[in-house]
Amino acid sequence: MRMNNNGQISIVLNSQKRNSVRDTLKPDSISQSFPQEHVALKEIEDELGSLVGMEEMKKMVKEIYAWIYVNKKREAMGLKAGKQALHMMFKGNPGTGKTTVARIIGKLFLKMNVLSKGHLIEAERADLVGEYIGHTAQKTRDLIKKSLGGILFIDEAYSLGRGGEKDFGKEAIDTLVKHMEDKQHEFILILAGYSKEMDHFLTLNPGLQSRFPLVFHFPDYSVEQLMEIGKRMLEEKQYVLSSDAERKMRDHLYAAKNTLSPMAFSNGRHVRNVLEKSIRTQAMRLLMENCYSRNDLITIRSNDLVFGKNTVD
């Protein structure tokens, strides 16, 4: 975690670095010392535990919890406890868990009464940008209104600034900036996208960067982490990979990560798409072979694995 000159906290997930706050806020220390008082954190910890990787993010969620909790204690004692806006920026490639983390944060803030509803509204450029002057501001305001009490999550947010000066995307940015300040404690805005594009996006409005006190960096998954994600997806659906299929899948992931551009390789989403297609291929194979033993029904073989467009065979 790094504190920038503008007060922005930058967090790199999966980093090996540790600081004193993280060292003292260990998972067991809270749940054992205050099991009832911190039940909200325990429930979120259990949900976070089901995610592959992102260890640094899991620790940072605890730190955010601790900061909010201690602020409430300070307020109860009559000490200064100014409310800080919790708008966030998620930087990373597709399929690295950004939307999943946003949902979990919404649940935590609901349990802590930071948000009144904790729901997640997902949006993209088309949901904010209108077709004529004044239309964009109204669409953006309506979306913010739906998000009150929860989180407004805008993926590929940098696309709002791609049309130039005459594009209505700039109007959407200006409207967002205004409501981030006016309603900063009524909803949380999370902007997500590729790191480089998001850095440029922040320069489009002078008040934009300072309004995001928390910046999360989502790194790509390793091949072994992607294999673990795939196994968990299959286990949930009661499927397994044969040993040959597992080798083929691992070889494919190594090739895909080394060959495809970051924009073409979508990490966990890529794994899900391959497995969903392969399950359908397996079903067709079983139908043609007329084989329906338990082992046949649950096993994905190497010839069932299908790698479609923008993938590497």
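Cut-offs used in this document
Residues numbered from 1 in each chain as written. Predicted model: local features only at pLDDT ≥ 70, side-chain atom pairs only at ≥ 80, totals over all residues. Heavy atoms only, no water. Buried < 20%, exposed > 50% of the residue type's maximum accessible area, 1.4 Å probe, protein only. Helix = DSSP H or I, 4+ residues; strand = E, 2+ residues; numbered from the N terminus. Pairing = 2+ DSSP bridges. Core = buried A, V, L, I, M, F, W, Y, C linked by side-chain atoms within 4.5 Å. Polar contact = N/O pair within 3.5 Å; in protein donor to acceptor, adjacent residues only side chain to side chain. Contact = heavy atoms within 4.5 Å. Salt bridge = Lys/Arg side-chain N within 4 Å of Asp/Glu carboxyl O. Phe/Tyr/Trp six-rings, centres within 6.5 Å; stacked < 30°, edge-to-face > 60°.

Draft legend 1. Looking closely at the pairing of strand β5 (residues 151–154). Because side chains alternate across β5, one face comprises the buried residues I151 and F153, and the other comprises L152 and I154, equally buried. Here strand β4 (residues 120–123) runs beside β5; their pairing, made up of four bridges, is parallel. Residue pairing across strands places A123 opposite I154, the latter belonging to β5. The sheet contact formed by β5 and strand β6 (residues 188–193) spans four bridges and is parallel. Within β6, the position partnered with I151 by the bridge is I188.

Draft legend 2. Structural context of the nonpolar core. Of all hydrophobic cores here, the largest spans 54 residues; its most connected members are F90, F109, F216 and M249. A per-element tally of this core places helix α4 (residues 55–76) first, with seven residues. Residues A157, I173, L176 and V177 belong to the second largest nonpolar core, which totals 26 residues.

Draft legend 3. How the structure looks around the side chain of Q282. Following the sequence through the fold, Q282 ends up in helix α12 (residues 267–289). Under the relative-accessibility criterion, Q282 is labelled buried at 2%. A polar side-chain atom of Q282 sits 3.1 Å from the main-chain carbonyl oxygen of D296. Setting aside chain neighbours within four positions, we find Q282 in contact with Y239, D296, L297, I298, T299, I300 and D304.

Draft legend 4. Representation of the pattern of salt bridges within the structure. Applying the stated rule across the entire model yields 17 salt bridges. E246 is paired through a salt bridge with K231; the nearest N and O atoms lie 3.0 Å apart. Remark: K231 occurs in helix α10 (residues 223–236) and E246 occurs in helix α11 (residues 243–259); sequence separation between them is 15 residues. The class of E246 is partly exposed, set by a relative accessible area of 22%. With a relative accessible area of 34%, K231 lands in the partly exposed category. When salt bridges with common partners are traced through the structure, they connect E224, K231, E246 and R250 into a single cluster.

Draft legend 5. Quick look at the side chain of T175. Structurally, T175 is set in helix α8 (residues 169–182). Classification of T175 as buried rests on a relative accessible area of 8%. Among the polar contacts made by the side chain of T175, one reaches the main-chain carbonyl oxygen of E171 at a distance of 2.8 Å. For T175, the residues in contact, after removing those within four places along its chain, are A137, T140, R141 and I144.

Draft legend 6. Expanded view of the packing of aromatic side chains. Under the counting rule described, the total for this entry stands at six aromatic pairs. Centroid distance F90 to F218: 5.0 Å. Interplanar angle 50 degrees. Geometry classified as tilted. Residue F90 is located in strand β3 (residues 88–92), and its partner F218 is located in strand β7 (residues 214–218); the two are separated by 128 residues in the primary sequence. An identical accessibility class is assigned to F90 and F218; each is buried. Three or more aromatic residues joined by ring pairs make a cluster, and in this case those are F90, F153, F216 and F218.

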